[in-house]
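Fold and contact review
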Amino acid sequence: QVQLVESGGGLVQPGGSLRLSCTASINIFNIGTMAWYRQAPGKERELVASTTSGATANYANSVKDRFTISRSGAANTVYLYLQMNSLKPEDTAVYYCNVVSSRTGRVYWGQGTQVTVSS
């Protein structure tokens, strides 16, 4: 059973930084894409950043040059990170970890972690 657990959210002032973490209990060889999504109140869930097993990273235009996605781990535990710098109030949202299995194509989601950017 694949499980994703996020942590690292919280309240931060504009211009501040946060680092989100996601612990994924999944065989590393079964990972296709890992990603962070976010959903703000009243808005649809949107892709923030994604990375493949080849380490290629893609970012939403709104977070380019401010956010950095990375991953580590081995065997049956993989970690996904999102370093968020120069945070803006519009970054306020619930952030979700996402994994797509390369073996089954199934999509897995974490429970989400709240990020609030406010003075």
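These numbers were taken from a predicted model, which means no experiment stands behind them.

Criteria and thresholds
Residues numbered from 1 in each chain as written. Predicted model: local features only at pLDDT ≥ 70, side-chain atom pairs only at ≥ 80, totals over all residues. Heavy atoms only, no water. Helix = DSSP H or I, 4+ residues; strand = E, 2+ residues; numbered from the N terminus. Buried < 20%, exposed > 50% of the residue type's maximum accessible area, 1.4 Å probe, protein only. Contact = heavy atoms within 4.5 Å. Phe/Tyr/Trp six-rings, centres within 6.5 Å; stacked < 30°, edge-to-face > 60°. Disulfide = S-S within 2.5 Å. Core = buried A, V, L, I, M, F, W, Y, C linked by side-chain atoms within 4.5 Å.

The next subject is the overall build of the chain. A count of helical and extended segments in the chain gives zero helices and 11 strands. Counting from the amino terminus, helix and strand elements in the chain follow one another as β-β-β-β-β-β-β-β-β-β-β. With the C-alpha coordinates aligned to their principal axes, the bounding extent of the chain is approximately 45 × 25 × 20 Å. The burial tally for the chain puts 39% of its 119 residues in the buried class. Here the contacts in the chain between residues at least 6 apart in sequence split such that 55% fall between residues at least 24 apart.

This part is about the packing of aromatic side chains. Applying the stated rule across the entire model yields two aromatic pairs. On the numbers, 4.9 Å between centres and 65 degrees between planes, the contact of Tyr-37 with Trp-109 is edge-to-face. Highlighted residues: Tyr-37 in strand β4 (residues 31-39) and Trp-109 in strand β10 (residues 107-109), separated in sequence by 72 residues. Considering the side-chain rings of Tyr-96 and Trp-109, the 6.4 Å spacing of their centres and the 90 degrees angle between planes classify their relative orientation as edge-to-face.

We now examine the state of the cysteines. Per the counting criterion, the structure on display carries one disulfide. Between Cys-22 and Cys-97 runs a disulfide, and the two sulfur atoms are separated by 2.1 Å. Across the S-S bond of Cys-22 and Cys-97 the torsion is about -80 degrees, and the bridge reads as left-handed. Here the residue Cys-22 occupies a position in strand β3 (residues 18-25), and Cys-97 occupies one in strand β9 (residues 93-101), the gap between them amounting to 75 residues. Each member of the pair, Cys-22 as well as Cys-97, is classed as buried.

Next up on the list: the nonpolar core. Within the largest apolar cluster, 29 residues are counted, with the highest numbers of intra-cluster contacts made by Leu-4, Trp-36, Val-48, Phe-67, Leu-82, Met-84 and Tyr-95. When contributions to this core are tallied by element, the ones reaching two or more residues are β3, β4, β5 (46-52), β7 (67-74), β8 (77-84), β9 and β11 (113-117). Apart from the residues within four sequence positions on either side, Tyr-95 is in contact with Glu-6, Leu-20, Trp-36, Tyr-37, Arg-38, Val-48, Phe-67, Leu-82, Met-84, Gly-112, Thr-113 and Val-115.

What follows concerns the environment of Ser-118. Of note, Ser-118 is situated in the segment after β11. Taking the C-alpha atoms as reference points, Ser-118 and Val-12, 106 residues apart in sequence, are found 6.3 Å from one another. Sequence-distant contacts of Ser-118, defined by excluding residues within four places in its chain, comprise Leu-11, Val-12, Gln-13 and Pro-14.

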